[in-house]
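# Architecture and fold: a report
Here is how the chains run, residue by residue.
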Amino acid sequence: MRQPAPGGRPEKDRSGAGSGAAISIRGVGKEYVGDGGRVRALLPTDLEIRPGEFVVLLGPSGCGKTTLLRMLGGLITPTEGSIVIGDRPLFAEGDTEPSRDALGSLGFVFQQATLLPWRRIWKNIALPLEVKRVSRKERRRRAAELAEMVGLAAFLDHYPRALSGGMQQRVAIARALIHNPSILLMDEPFGALDAMTRDRMNVMLQELWLETGKTVVLVTHSISEAVYLADRIVLLSQRPGRIQDVVEVDFPRPRPLEITKAPRFGEIAHHLREQLGEA
């Protein structure tokens, strides 16, 4: 992969200076209505995410972090507030369906890879382009390019059953990037993997982020994963969720796994555990 610029950053400016926010969340809340009445999942929330920033949403189960991520992805309609992707509202006023223009800037990676078992790996990666009727030759070229990025160039013609869980999630990440979105939303993509595989996937994801300059918003339950990957950690409280704390993580990039043993890493992790009531 391409080496980052001096100081651990690629040439792409991640500061957001001179440009608008990648994502603007303004007073966004969510309330569900069911047989048992109304349940408030997320209190009105404000947050701005800069272009090229890696933001992690962290919090206890049921705090609303996945609800927030799914609202950012247009999968759930907010009860209140607005979401702006770049300069485009994700939901027009009064609409329950997201804007196709705004959705074009987004890629989504779910907890499970959800690959189609009867399709070869390159065809799974290229599925979004097939839906758009892109030529087979171009689909194959783009799938091969992304497979190379995620370390799966040798598996393009295999079926999903031949791949481990971690490799299948690499396919899912490549598929989410196939239409070249500027923003990648990730909902606990490595939660089901064993510890060693999860570490390798975190290293791979950091490298991919450094190479592409995408804006990434990732949901996790893992404090160590959050501290290793994030520029900023947005900590949500118990339900109904609200932003309890925002923690800047300023370790230089790229970050080796050994950084998890550094005293400052432990201090940040301890602070987060205290906030979560786990210390």
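The sections below set out a description of the structure shown in this document. Residue positions within a chain follow its written sequence, with the count starting from 1. Whole-chain, interface and lining totals are the exception, using all residues; otherwise, since this is a predicted model, local features are given only for residues with pLDDT of at least 70 and side-chain atom pairs are given and counted only at 80 or more. Values shown for side chains rest on all heavy atoms present in the structure; no hydrogens or waters enter the calculation.

Salt bridges are defined by distance alone: a side-chain nitrogen of Lys or Arg within 4 Å of a carboxyl oxygen of Asp or Glu. One pass over the full model with this rule turns up 12 salt bridges. Salt-bridge contacts for Arg40 lead to Glu80; the nearest nitrogen and oxygen are separated by 2.4 Å. Placement of the pair is Arg40 in strand 2 (residues 37–49) and Glu80 in strand 4 (residues 80–85), with a sequence separation of 40 residues. Relative accessibility under 20% of the residue-type maximum defines a buried residue, over 50% an exposed one, and the middle range a partly exposed one, all with a 1.4 Å probe and only protein chains included. For Glu80, a relative accessible area of 26% puts it in the partly exposed group. One salt bridge connects Asp157 with Arg140, and the closest N-O pair in it is separated by 2.9 Å. Linking Asp157 in the loop between helix 5 (136–149) and helix 6 (165–177) with Arg140 in helix 5, this pair joins segments that are 17 residues apart in sequence. Only DSSP runs of H or I with at least four residues qualify as helices, and only runs of E with at least two residues qualify as strands; both kinds are numbered from the N terminus onward.

Whether two strands pair comes down to DSSP finding at least two bridges between them. Of the pairings in the sheet, the one linking strand 1 (residues 23–34) to strand 2 comprises nine bridges and is antiparallel in character. Paired with Lys30 across the strands is Leu42, a residue of strand 2. Remark: two residues form the turn of the hairpin made by strand 1 and strand 2, two consecutive strands paired antiparallel.

Bringing the sheet that holds strand 5 (residues 88–89) into the picture now. One open sheet holds the four strands; their spatial order is 2-1-4-5, and the pairing between them is antiparallel. Among the strands making up the open sheet, the edge pair consists of strand 2 and strand 5. Set on the sheet, helix 1 (residues 65–72) makes contact with strand 1, strand 2 and strand 4; between it and strand 1 the angle comes to about 115°. Any two residues whose heavy atoms approach within 4.5 Å are treated as being in contact. Angles here are taken between N-to-C directions and fall from 0 to 180 degrees, while the axes themselves are lines fitted to C-alpha atoms, restricted in helices to the stretch in contact.

With six of its eight residues buried, helix 1 lies for the most part within the structure. Lys65, Thr67, Leu68, Leu69, Met71 and Leu72 are the residues of helix 1 that are buried. At the C-terminal side of helix 1, Gly74 shows a positive phi close to 75°.

This next bit is on the sheet that holds strand 10 (residues 243–248). Within the open sheet, the six strands sit side by side as 6-7-8-3-9-10. Their pairing is mixed. Both edges of this open sheet fall to strand 6 (106–109) and strand 10, since each of them pairs with a single strand only. Going from strand to strand, the sheet's axes swing by 15° on average, the running direction of each strand aside. Here strand 9 (residues 232–236) runs beside strand 10; their pairing, made up of five bridges, is antiparallel. From the neighbouring strand, Ile233 faces strand 10, where its bridge partner is Val247. Sheet strands touched by helix 6: strand 6 and strand 7 (183–187). Its angle to strand 6, the strand with the most contacts, is close to 165°.

A cis amide bond links Arg239 to the next residue, Pro240, at an omega of -5°. The linkage connecting Arg253 with the following residue, Pro254, adopts the cis geometry, with an omega of -10°. Within the element layout of this structure, Pro254 appears in the loop between strand 10 and helix 9 (263–276). Phi is positive for Thr114, close to 45°, though the residue is something other than glycine. Inspection of the secondary structure puts Thr114 in the loop between strand 6 and helix 3 (121–125). Even without being a glycine, Glu188 presents a positive backbone phi close to 45°. Among the secondary structure elements, Glu188 is positioned in the loop between strand 7 and helix 7 (195–212).

Okay, the environment of Phe190 next. In this fold, Phe190 is placed in the loop between strand 7 and helix 7. Phe190 sits 78 residues away from Gln112 along the chain, and the two C-alpha atoms are 8.6 Å apart.

Below, the discussion takes up the side chain of Arg175. Here Arg175 is to be found in helix 6. Lys and Arg are tallied as positive, Asp and Glu as negative. Neither His nor the chain termini are counted. An unpaired buried charge is present at Arg175: no salt bridge exists, and Glu130, the closest side chain of opposite charge, is 11 Å distant. Here a polar contact means two N or O atoms within 3.5 Å. Within protein one must be a hydrogen donor candidate and the other an acceptor candidate, and residues neighboring in sequence count only if both atoms are side-chain atoms. There is a polar contact of 2.7 Å between the side chain of Arg175 and the backbone oxygen of Ala113. What Arg175 contacts, discounting residues up to four positions off in sequence, is Ala113, Thr114, Leu115, Asn124, Ile125 and Pro128.

Honestly, that's just the spatial picture; any functional story needs more than this.
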